[in-house]
Amino acid sequence: MSHRVRGIVVFLAIAFGGTWPYLFLARSVLGWSLVDPLVQLPVAMMPAIGAVVVRRWVTREGFADAGLRLRLRSAWRHWLIAWFAPLAVTFLAFGCAAASGWWRPDLSPVGGPGGVALLLILQLVTTPVYWGEEFGWTSFLWPRLLPGRPRASVLATGLVWAVWHYPLAYLGYAEFPDHTVSMALWTLMFVLFQVMLCWLYARTGSVWATSLAHAGNNMVAGLLVERVFGELGAVRNMICVDVALALVCVPLLCSAAFRPRPVGSATPGRRGC
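Residues numbered from 1 in each chain as written. Predicted model: local features only at pLDDT ≥ 70, side-chain atom pairs only at ≥ 80, totals over all residues. Heavy atoms only, no water.

**Q** For this particular structure, what's the right way to read the environment of I121?
**A** Residue position: I121 is located in helix α4 (residues 112–126). Residue I121 is classed as partly exposed on the basis of its relative accessible area of 48%. (Helix = DSSP H or I, 4+ residues; strand = E, 2+ residues; numbered from the N terminus. Buried < 20%, exposed > 50% of the residue type's maximum accessible area, 1.4 Å probe, protein only.)

Following this line, the structure appears as structure tokens:
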């Protein structure tokens, strides 16, 4: 078994082995609510723990290519994209819902534009919370899962990331009336959003930029959709979000950021893939 494969196996063992048993223990045995941010925190950090263990003790490759620098000056335009892209996707989802006749435009449930601005500030504040997942899935797994095939690797990484979340759909965090259809739509949502995250990482070389976008997905897009769509229903909700993500992320997947390169060569984000 190569160092790369061994590293991936150990990483996944820690990410899944440390998360799934904890979730079942926390919810089914201890009775904790998985909506509680304090209960979620160990889950959010588990992929980072796996990546650190592998980089430090398994492959001993270190952290030179881990994307730990901010790179604000050289990639400020993409930092702005990371900040506002989740909001843009949300409004595309609103447009989809309005065009289908499922929703009448109304932002009053979130306090109008002022409420949206507060969510954007909350996104900035909570960015460090999402570093754990980004350091694991985007910074570590994506470039190693299928080396030299960044497009295939980002789709595979998104699928793995989605499966890692699956217990949440059965333990009271996400409530789906029909798990067959809902889980398929939920999985597609993760895969598409992973494309955006990896595109940002390729363009900035910073895991902090992807953490900002991840925070936007949860703190801005997630809260806005939940509050504004109200009684739209989980399936229609996810259809609108998936359509919006596809409109943004499919063109990103076809961009030069995911152009196949020889193994070990640098991407525009100053990293190998």
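Picking up after the structure, the text goes on.
**Q** I keep staring at the packing of helix α1 (residues 3–29) against helix α2 (residues 37–58) and nothing clicks. Help me out?
**A** Where α1 meets α2, the closest approach of the two axes is 9 Å, and the angle between their N-to-C directions is 160 degrees. Between α1 and α2, the interaxial angle falls into the category roughly antiparallel. In this structure, α1 meets α2 at a crossing whose hand is right-handed. Taking contact as the criterion, the partners of H3, R6, G7, V10, F11, I14, A15, G18, T19, Y22, L23 and A26 in α1 are, on α2, V39, P42, V43, M46, P47, I49, G50, A51, V53, V54 and V58. Grouping the constituent residues of the contact of α1 with α2 by class yields 17 nonpolar, 5 polar and 1 charged. (Axes fitted to C-alpha atoms, helices over the stretch in contact; angles between N-to-C directions. Parallel < 35°, antiparallel > 145°, perpendicular 65-115°, else oblique. Left-handed = near helix turned anticlockwise from the far one by under 90°. Contact = heavy atoms within 4.5 Å. Nonpolar A, V, L, I, M, F, W, Y, C, P; charged D, E, K, R; others polar.)

**Q** How do you make sense of the pattern of salt bridges when you look at a structure like this?
**A** It is possible for side chains of opposite charge to pair when their charged atoms get near one another. Scanning the entire structure with this criterion turns up 3 salt bridges. One salt bridge connects R55 with D65, and the closest N-O pair in it is separated by 2.7 Å. Pair noted here: R55 is in helix α2 and D65 is in the loop between α2 and α3 (76–99), with a separation of 10 residues, a long-range link. For R144, the salt bridge identified is with E61, shortest N-O distance 2.4 Å. Here R144 is found in helix α5 (residues 131–145), whereas its partner E61 is found in the loop between α2 and α3, with 83 residues between them in sequence. Overall, R144 belongs to the buried group, its relative accessible area being 10%. Of the residues examined, E61 reaches a relative accessible area of 33% and is grouped as partly exposed. (Salt bridge = Lys/Arg side-chain N within 4 Å of Asp/Glu carboxyl O.)

**Q** Please clarify how the side chain of T210 should be interpreted in this entry.
**A** Within the element layout of this structure, T210 appears in helix α8 (residues 207–229). Take T210: its relative accessible area is 0%, and that puts it in the buried class. Here the side chain of T210 touches E134 through a polar contact of 3.0 Å, side chain to side chain. With residues up to four places along the chain from it excluded, the contact list for T210 reads E134, T138, L197, L200 and Y201. (Polar contact = N/O pair within 3.5 Å; in protein donor to acceptor, adjacent residues only side chain to side chain.)

**Q** Is there a simple way to explain the packing of aromatic side chains in this structure?
**A** The description of an aromatic ring pair uses the distance of the two centres, along with the angle that the planes make with each other. Summed over all chains, the structure comprises 18 aromatic pairs. Ring centres 5.5 Å apart and planes at 80 degrees place the aromatic pair F91 and F94 in the edge-to-face group. With F91 and F94 both in helix α3 and 3 residues apart, this pair spans about one turn of that helix. Its relative accessible area of 37% is what places F91 among the partly exposed residues. Ring plane angle 75 degrees and centroid distance 5.8 Å describe the contact between W103 and F229, whose orientation is recorded as edge-to-face. One end of the pair, W103, is in the loop between α3 and α4; the other, F229, is in helix α8, and 126 residues separate them in sequence. Each member of the pair W103 and F229 is classed as buried. Members of the aromatic cluster, each reached through a chain of ring pairs, are F11, F16, W20, W137, F140 and W164. (Phe/Tyr/Trp six-rings, centres within 6.5 Å; stacked < 30°, edge-to-face > 60°.)

**Q** For this particular structure, what's the right way to read a nonpolar patch on the surface?
**A** On the surface, a nonpolar cluster with roughly 460 Å² of combined accessible area is contributed by L118, I121, L122, L124 and V125. Its location among the elements puts L118 in helix α4. (Patch = residues over 30% accessible without salt bridge, like charges linked within 9 Å, V, L, I, M, F, W, Y side chains within 5 Å. Areas by Shrake-Rupley, 256 points an atom, 1.4 Å probe, with all protein chains shown as cover.)

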